[in-house]
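Residue-level structural notes
As a plain string of letters, each chain reads:
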Amino acid sequence: MRYEGDIYRPPSEAYSLLVQVTIGCTHNKCTFCKMFKNKKFRVRALEEVLEDLAWARKTYRRVERMFLCDGDALALSNRRLMPILEYIKENFPECERVTIYGRANDVNKKTEEEMKELFDAGITMVYIGAESGSDEVLKAVNKGVTRQELIDAVRKIEDCGMQASVTFISGLAGKDGWEDHAIQTGTMITEMNPSYVGLLTLIVEPNVPMYDDIQSGKLRLLSPEEVMEETLLMLEHTNVEKTCVLRSNHASNYVSLRGDLPQDKEKMMNQLRTAMNNKDMFKNELFRAL
């Protein structure tokens, strides 16, 4: 496979074949993110993508999962995506799932019929970075979408038969906005009712705008105990109707949570309360990573 620059994938795609159909991110302006700062967005030529898939077919006996990257490959029109999906379906009959990164704008621009067409062609899950349920926080981090746009996108994904995996970032609002961030995120998850929710914890690297905010004192980071309190408040305001798999087991997290909402809500809240009173449960800062 030929890759341009660093390649990023969701943790759950660790064993998937990574197929780069676009380069970079169409937005690329979030203040906390440096993933695609060294790339200018462009679409790879279809011939290149199909050549890579042909190489993979000759090289690997079985490919059960594929992930289409870079940052928001769903920005491609169906006209550009369908030949790729058709090639996968024809040449990788053993492939059980094809997943993709997408921004809310990508989803909302597509009609319900177009989303259903992609589902029928093999896309089973869309990963969306929501980061926060608060419009104030979304604006502060220059996310480029609103709370309602994110909710609408996730509902459209779920309604067409796909699953949505939505990521939020604990600590994103700092000490001044943590309550709003927690409450609005909890109520957003309730309104979205996604199949999966992933929680990361904020880690800010140099050379992104948010780093300067931290250095100047404009953004004051939460302590591990405060992150637990924020997550607890978020869960208190999360009341989904159908099963939502929640994971907070990313390398950035201080405490790992695994459970299904609403069934395991109280269990996870008790785990957070225990951690708040037992600092030995926190992951050492040295071992946290993006």
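This text goes with the structure placed above it.
We now turn to the structure provided with this report. Everything numeric here is computed off the predicted structure, so don't read it as measured data. (Residues numbered from 1 in each chain as written. Predicted model: local features only at pLDDT ≥ 70, side-chain atom pairs only at ≥ 80, totals over all residues. Heavy atoms only, no water.)

Focus on the pairing of strand 10 (residues 257-261)
In regular strands, side chains alternate between the two faces of the sheet. Burial along strand 10 is one-sided: Leu257, Gly259 and Leu261 are buried, and none of Arg258 and Asp260, which face the opposite way, are. Relative to strand 10, strand 9 (residues 244-248) is paired through 5 bridges, and the arrangement is antiparallel. Looking at the pairing, Val245 lines up with Asp260 of strand 10. (Buried < 20%, exposed > 50% of the residue type's maximum accessible area, 1.4 Å probe, protein only. Helix = DSSP H or I, 4+ residues; strand = E, 2+ residues; numbered from the N terminus. Pairing = 2+ DSSP bridges.)

Looking at the nonpolar core
Counting 68 residues, the largest nonpolar core has Met66, Leu68, Ile88, Leu150, Phe168, Met192 and Leu246 as the members making the most contacts within it. Take this core: its biggest share by element is 6 residues, from helix 9 (residues 224-236). Setting aside its immediate chain neighbours within four residues, Met66 contacts Ser16, Leu17, Val19, Leu53, Ile88, Phe92, Cys95, Arg97, Val98 and Thr99. By size, the runner-up hydrophobic cluster in this structure holds 14 residues, among which are Ile169, Val208, Met210 and Leu219. (Core = buried A, V, L, I, M, F, W, Y, C linked by side-chain atoms within 4.5 Å. Contact = heavy atoms within 4.5 Å.)

Describing unusual backbone geometry
Between Cys69 and Asp70 the backbone carries a cis peptide bond, its omega angle lying at 20°. For the peptide bond that leads from Leu261 to Pro262, omega is 5°, which places it in the cis range. Assignment of secondary structure puts Pro262 in the loop between strand 10 and helix 10 (265-276). In the Ramachandran plot, Asn142 falls in the positive-phi region, its phi being about 60° despite a non-glycine side chain. Tracing the backbone through its elements, the reader meets Asn142 in the loop between helix 5 (135-140) and helix 6 (147-159). Even without glycine at this site, Asn207 takes up a positive phi of about 75°. Mapped onto the elements of the fold, Asn207 is located in the loop between strand 8 (196-201) and helix 8 (209-216).

Examining helix 10
When the terminal C-alpha atoms of helix 10 are compared, their 17 Å separation across 12 residues agrees well with the 16 Å that a helix rising 1.5 Å per residue should span. For helix 10, the complete set of buried residues consists of Lys265, Met268, Met269, Leu272 and Ala275. Along the axis of helix 10, the buried residues cluster in a sector spanning 120°; they form a single face. Packed against the buried residues of helix 10 are helix 9, strand 9 and strand 10. (Expected span 1.5 Å × (residues − 1). Arc of directions from axis to C-beta.)

Here we look at the state of the cysteines
Within this structure, the stated rule accounts for 0 disulfides. The thiol of Cys25 is unpaired, and the distance to the nearest cysteine sulfur, on Cys30, comes to 6.7 Å. By relative accessible area, Cys25 is classed as buried at 14%. Looking at Cys95, it has no disulfide partner, and the nearest cysteine sulfur is the one in Cys69, 14 Å off. (Disulfide = S-S within 2.5 Å.)

Purely spatial values, then, with no claim about function.
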